[in-house]
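# Examining the three-dimensional arrangement
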Amino acid sequence: MNVENLSSNKSYEGWQKQYSHQSSTLNCNMRFAIFLPPQATAGKKVPVLYWLSGLTCTDENFMQKAGALRMAAELGIAIVAPDTSPRGEAVPDDAQGEYDLGLGAGFYLNATEMPWSRHYRMYDYVVNELPELVESMFPVTDQRAIAGHSMGGHGALVIALRNPERYASVSAFSPISNPMNCPWGQKAFTAYLGKDVETWRQYDASELMRHAQQFVPAKVDQGKADGFLPEQLKPEALLEAAKVKDYPLELKMHEGYDHSYYFISSFIEEHLRFHAQFLCP
């Protein structure tokens with residue numbers, strides 16, 4: 001596999017690195033970032049937290065803005081952040097160039113509709129191809145947790161709920177909790193999956209949690225001053241689904257916080273400590 005190291009920066013005695021590789025799942029060149037804590041550079045294998053970012057983001061947003069590396073270094077957890085969609089000249093984009101479909105808006109699903117289906121298979125990329133690559137290249141174990149923000153929070157919850165055997169824990173900031181019933185989700189699902197609403201349920205965290213048979217410990221934080229809260233995010237649907245199944249979900253609402261990385265950076269330490277309970281018992 002042709003993997004190119006694009007950058008390396010020492011941080012908290014570990015290393016923040018960025019790579020590109022040709023993805024057979026997405027049929028394009030993909031980029032991801034990885035933080036290797038000092039324990040990994042000293043020869044010890046460490047567990048991995050996969051971080052999925054939101055609309056318009058890349059692999060760089062979380063690594064540069066979240067302030068997560070100090071705590072990851074202390075806890076001995078590697079962090080891997082993929083891009084949010086396939087990219088490249090051959091990869092289709094929204095005809096109107098809108099931010100919530102196409103490039104930067106992969107929604108962490110496997111598209112079935114043309115022209116999206118050849119490239120937009122972020123679900124398979126995150127669940128299978130990327131971990132296989134990471135675990136073959138770096139000093140990490142197969143102990144995994146997954147987390148994300150907004151669209152990435154949706155992706156993290158869906159992936160954990162559908163693959164409880166692969167993830168020790170899941171967390172999300174401001175996730176799109178019920179995409180079947182919000183404008184962002186309805187637009188993306190119609191384009192990527194078609195008009196049959198039944199096919200959408202497999203990518204809706206609230207629907208999946210309502211019917212869960214195996215549980216992955218889950219933590220969700222949501223700002224009350226988030227401008228997307230009432231129309232797009234719908235955490236109440238996720239909370240109701242958790243009550244139906246008595247699902248181990250910790251959901252907190254925070255007064256005054258919005259949808260930005262100021263919110264994420266304020267509580268990222270809590271999320272990393274949450275995951276460490278299950279990754280580093």
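Report follows, based on the coordinates. (Residues numbered from 1 in each chain as written. Predicted model: local features only at pLDDT ≥ 70, side-chain atom pairs only at ≥ 80, totals over all residues. Heavy atoms only, no water.)

## Overview of the pattern of salt bridges
The criterion, for reference: Any Lys or Arg side-chain nitrogen located within 4 Å of an Asp or Glu carboxyl oxygen qualifies as a salt bridge.
Overall, the coordinates contain 18 salt bridges when judged by the stated rule. Residue Lys252 pairs with Glu250 through a salt bridge whose shortest N-O separation is 3.5 Å. Shared partners join several salt bridges into a network, and the residues in it are Lys219, Asp221, Glu250, Lys252 and Glu270.

## Quick notes on the sheet that holds strand 2 (residues 14–23)
Note the threshold: We treat two strands as partners when DSSP finds at least two bridges between them. Note on conventions: DSSP H or I runs of at least 4 residues are helices, E runs of at least 2 residues are strands, and numbering of each starts at the N terminus. The axes are straight lines fitted to the C-alpha atoms, using for helices just the contacting stretch, and the angles between their N-to-C directions are given from 0 to 180°.
Spatially, nine strands are ordered 1-2-3-5-4-6-7-8-9 in an open sheet, and the strand pairing comes out mixed. Taken across any chain shown, the strands that pair with only one partner, and hence form the sheet edges, are strand 1 (3–11) and strand 9 (249–254). Neighbour-to-neighbour, the strand axes of the sheet open up by a mean angle of 20 degrees, direction not taken into account. Pairing analysis gives eight bridges linking strand 1 to strand 2, with the strands arranged antiparallel. Considered in strand 2, the bridge of Asn5 is made with Tyr19.

## Some words on the packing of aromatic side chains
Spelled out, the test is: Note on aromatic pairs: the rings of Phe, Tyr and Trp (six-membered ring only in Trp) are paired at centre separations within 6.5 Å, and the planes decide the class, stacked below 30 degrees, edge-to-face beyond 60, tilted for the rest. Any residue under 20% of the maximum accessible area for its type is buried, any over 50% is exposed, and the rest in between are partly exposed; the area is computed with a 1.4 Å probe on protein chains only. Criterion for a charge above a ring: Arg CZ or Lys NZ at most 6 Å from the ring centre, at most 35 degrees from the ring normal.
The full count for this structure, using the stated rule, is 16 aromatic pairs. Arranged with centres 5.3 Å apart and planes meeting at 85 degrees, the rings of Trp116 and Tyr192 form a pair that is edge-to-face. On the criterion of sequence distance, the pair formed by Trp116 in the loop between strand 5 (78–82) and helix 4 (122–137) and Tyr192 in helix 6 (residues 183–193) is long-range, its members being 76 residues apart. For Trp116, a relative accessible area of 7% gives the class buried. Considering the side-chain rings of Phe189 and Trp200, the 5.7 Å spacing of their centres and the 65 degrees angle between planes classify their relative orientation as edge-to-face. Linking Phe189 in helix 6 with Trp200 in the loop between helix 6 and helix 7 (205–210), this pair joins segments that are eleven residues apart in sequence. According to the relative accessible area criterion, Phe189 is buried, its value standing at 0%. In textbook terms, an aromatic cluster arises when at least three aromatic residues are bridged by ring pairs, as seen for Trp51, Phe62, Phe173, Tyr257, Phe263 and Phe267. We note Arg162 situated over the ring of Tyr123; from NZ or CZ to the ring centre the distance is 4.3 Å.

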